[in-house]
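Chain and residue survey
Residues per chain are reported as follows:
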Amino acid sequence: MLQQTTVATVKDYFERFIKKWPTLTSLANASLDEILVEWQGLGYYSRARNLHKAVKILNELSLFPSTPTDLRKLPGVGDYTAAAIASIAFGYLIVPIDGNIMRVFARLFAIPSPVPLLKQKVYEYTSKMAEGGRSGDFAQGLMDLGAMICRPLNPKCTECPLRVECRAHNEGRMAVFPVLRVKPQIPKRYGIAYILLHDGKILLEKRPTKGLLGGMMGVPTTPWEGESLNSEDLFEFEKDLKWHEVAKQVKHTFTHFHLYLTVKVGISPKLYKGDWIDLDHLPGVALPTVMKKVIKQIPTEILRNFSKIN
Ligand code: SF4
């Protein structure tokens, strides 16, 4: 859950999860849809799908994997997560290197390399230090130091136990490190989202398993492309029905692009093929945030009244 997401955001989700599925076996027996419902709003849904796959694998094993190499084989477990579990849970001599820890080391040793070269340098420093033992405590100490003391802006150097050795502090160059790489601008993509209604129901569809928001439910959309769409990309009922366009576009930012969706609302004369969900049951459906934003463009009450107009 904490991959790409802060503790403050994750806390409530984590507590709900642990209450609902207190053991590995209970989580392994849950369906993906149940997990996605609890996950909704947290984003990066591939984590939920990987969690579901990983927990099923773990439930079949007689021993929980404890080395970074074995942990790395689990779906969704990358270098950082494998190192964090191995060091904190099993005392393995390795330090998980995240942005906070890279910042501490970049300042401590005034490392001029920008990310991602910095990561290799930090790895070289930390691998020697972790040999000192208590690697889990060491990793967590560094994480806390990076999060609370050596903050990106205004580091609290007077409270820092490393200040005597810290080169950036001694040279008054805390703001210089870590050296940042200039971020490339992320592109814009456009599309149309269709809210199709019929007698208190809304048409949803399951997105293809592979790809962005794979396996999640949502309203039908065109592909998310450049500014112009081909006519074959339009929703199959686009031409046959009357649509009302919502004045404000929905903007949503994914990691690698900004998405701008035009929202169109239409009344269907019948229940075409697809998943027609009662508007009252919509809150129980696991919808990704972008789809919630689309549907929230119009209050449910108005959608319900609108859906009954022929
Ligand atoms: S002394 Fe300041 S800059 Fe150096 S590690 Fe501590 S908080 Fe960071």
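Residues numbered from 1 in each chain as written. Predicted model: local features only at pLDDT ≥ 70, side-chain atom pairs only at ≥ 80, totals over all residues. Heavy atoms only, no water.

**Details of the pattern of salt bridges**
For the record, the criterion: Just to be clear on terms, a salt bridge is a Lys or Arg side-chain nitrogen sitting within 4 Å of an Asp or Glu carboxyl oxygen. Classification of residues uses two cut-offs on accessible area relative to the type maximum, computed with a 1.4 Å probe and protein chains only: under 20% is buried, over 50% is exposed, and between them is partly exposed.
Per the counting criterion, the structure on display carries eight salt bridges. Between aspartate 70 and lysine 73 there is a salt bridge; the shortest N-O distance is 3.2 Å. Residue classification places aspartate 70 among the partly exposed positions, given a relative accessible area of 34%. Taking the relative accessible area as the measure of exposure, lysine 73 reaches 63% and is therefore exposed.

**Brief notes about unusual backbone geometry**
Which entries qualify depends on this criterion: Secondary structure counts use DSSP, requiring at least four H or I residues in a row for a helix and at least two E residues in a row for a strand, with both numbered from the N terminus.
For the peptide bond that leads from phenylalanine 177 to proline 178, omega is -5°, which places it in the cis range. With respect to the helices and strands, proline 178 occurs in the loop between α10 (167–170) and β1 (188–198). Backbone geometry at asparagine 154 places phi at a positive 45°, although glycine is not the residue there. Within the element layout of this structure, asparagine 154 appears in the loop between α9 (135–149) and α10.

**Some thoughts on the packing of helix α1 (residues 7–20) against helix α3 (residues 32–39)**
Let me state the cut-off plainly: Angular values range over 0 to 180 degrees, each being the angle between N-to-C directions of two axes fitted as lines to C-alpha atoms, with helices fitted over their stretch in contact. Whether two residues are in contact is decided by their heavy atoms, any of which lying within 4.5 Å being enough. All amino acids are sorted into three groups, where Ala, Val, Leu, Ile, Met, Phe, Trp, Tyr, Cys and Pro are nonpolar, Asp, Glu, Lys and Arg are charged, and the leftover types, Gly among them, are polar.
Running from N to C, α1 and α3 cross one another at 145°; their axes reach a closest spacing of 10 Å. The segment α1 lies against α3, with Tyr13, Arg16, Phe17 and Lys20 engaging Ile35, Glu38 and Trp39. Split by residue class, the contact of α1 with α3 holds four nonpolar, no polar and three charged.

**What to know about the site of the ligand**
Note the following rule: One heavy atom suffices: a residue is near a molecule or strand as soon as one of its heavy atoms comes within 4 Å of it.
Taken together, Arg107, Ile149, Cys150, Pro155, Cys157, Cys160, Arg163, Cys166, His169 and Met174 form the complete shell of residues around the ligand. Each residue belonging to the shell around the ligand can be placed in one class, and the counts come to seven nonpolar, one polar and two charged.

**Digging into a nonpolar patch on the surface**
Defined as follows: Within this analysis, patches are made of residues with over 30% relative accessible area and no salt bridge. Like charges are joined at 9 Å or less; nonpolar side chains (Val, Leu, Ile, Met, Phe, Trp, Tyr) at 5 Å or less. The protein chains shown are the only cover counted for residues, whose accessible areas, like all others here, come from Shrake-Rupley with a 1.4 Å probe.
A contiguous nonpolar patch, built from Leu24, Phe64 and Phe90 and spanning about 250 Å² of accessible area, is present on the exposed surface. Of note, leucine 24 is situated in helix α2 (residues 24–28).

**Thoughts on the domain arrangement of the protein**
Defined as follows: Reported domain spans reflect what an automatic or database domain assignment gives. The buried area of a pairing is the accessible area, by a 1.4 Å probe, that goes missing from both parts when the two are put together, added over both. Counting of polar contacts relies on pairs of N or O atoms within 3.5 Å, with two restrictions inside protein: one atom must be capable of donating a hydrogen and the other of accepting it, and residues adjacent in sequence are counted only when both atoms are side-chain atoms.
Splitting the protein by domain gives domain 1 (7–176) and domain 2 (188–307). Computed over C-alpha atoms only, the centres of domain 1 and domain 2 are separated by 36 Å. On the side of domain 2, 13 residues touch domain 1, which itself brings eight residues to the contact. Overall, the association of domain 1 and domain 2 removes approximately 800 Å² of surface from exposure, summing both partners, and the carbon and sulfur fraction of that is 51%. At the junction of domain 1 and domain 2, the tally comes to one salt bridge. Across the salt bridge formed by lysine 206 and aspartate 33, the nearest N and O atoms sit 3.9 Å from each other. Between domain 1 and domain 2 we count three residue pairs in polar contact (both at pLDDT 80 or more) in total. Taken together, the residues of the side of domain 1 that touches domain 2 sort by class into four nonpolar, two polar and two charged.

**Topic: the packing of aromatic side chains**
Formally: Note on aromatic pairs: the rings of Phe, Tyr and Trp (six-membered ring only in Trp) are paired at centre separations within 6.5 Å, and the planes decide the class, stacked below 30 degrees, edge-to-face beyond 60, tilted for the rest.
Across all of its chains, the model carries 10 aromatic pairs by this definition. For the pair phenylalanine 17 and tryptophan 39, a centre-to-centre distance of 5.8 Å together with 80° between the ring planes defines the contact as edge-to-face. With a gap of 22 residues between them, phenylalanine 17 in helix α1 and tryptophan 39 in helix α3 connect regions that are remote in the sequence. Overall, tryptophan 39 belongs to the buried group, its relative accessible area being 2%. Relative to tyrosine 125, the ring of phenylalanine 109 has its centre 4.1 Å away and its plane inclined at 5°; by these criteria the two rings are stacked. Residue phenylalanine 109 is found in the loop between α7 (99–108) and α8 (117–130), and its partner tyrosine 125 is found in helix α8; the two are separated by 16 residues along the sequence. Overall, the relative accessible area of 26% leaves phenylalanine 109 in the partly exposed class. When its relative accessible area of 29% is taken as the criterion, tyrosine 125 is described as partly exposed. Following the ring pairs from residue to residue traces out a cluster consisting of Phe17, Trp21 and Trp39.

**Let's talk about the packing of helix α6 (residues 79–90) against α9**
For clarity, the cut-off: Comment on the angle field: the value is read as roughly parallel under 35 degrees, roughly antiparallel over 145, roughly perpendicular from 65 to 115, and oblique elsewhere.
Where α6 meets α9, the closest approach of the two axes is 7 Å, and the angle between their N-to-C directions is 125°. Judged by the inter-axis angle, α6 sits oblique to α9. In this structure, α6 uses Tyr80, Ser87 and Ile88 to contact α9, whose residues at the interface are Ser135, Gly136, Ala139, Gln140 and Met143. Here the residues of the contact of α6 with α9 sort into four nonpolar, four polar and no charged.

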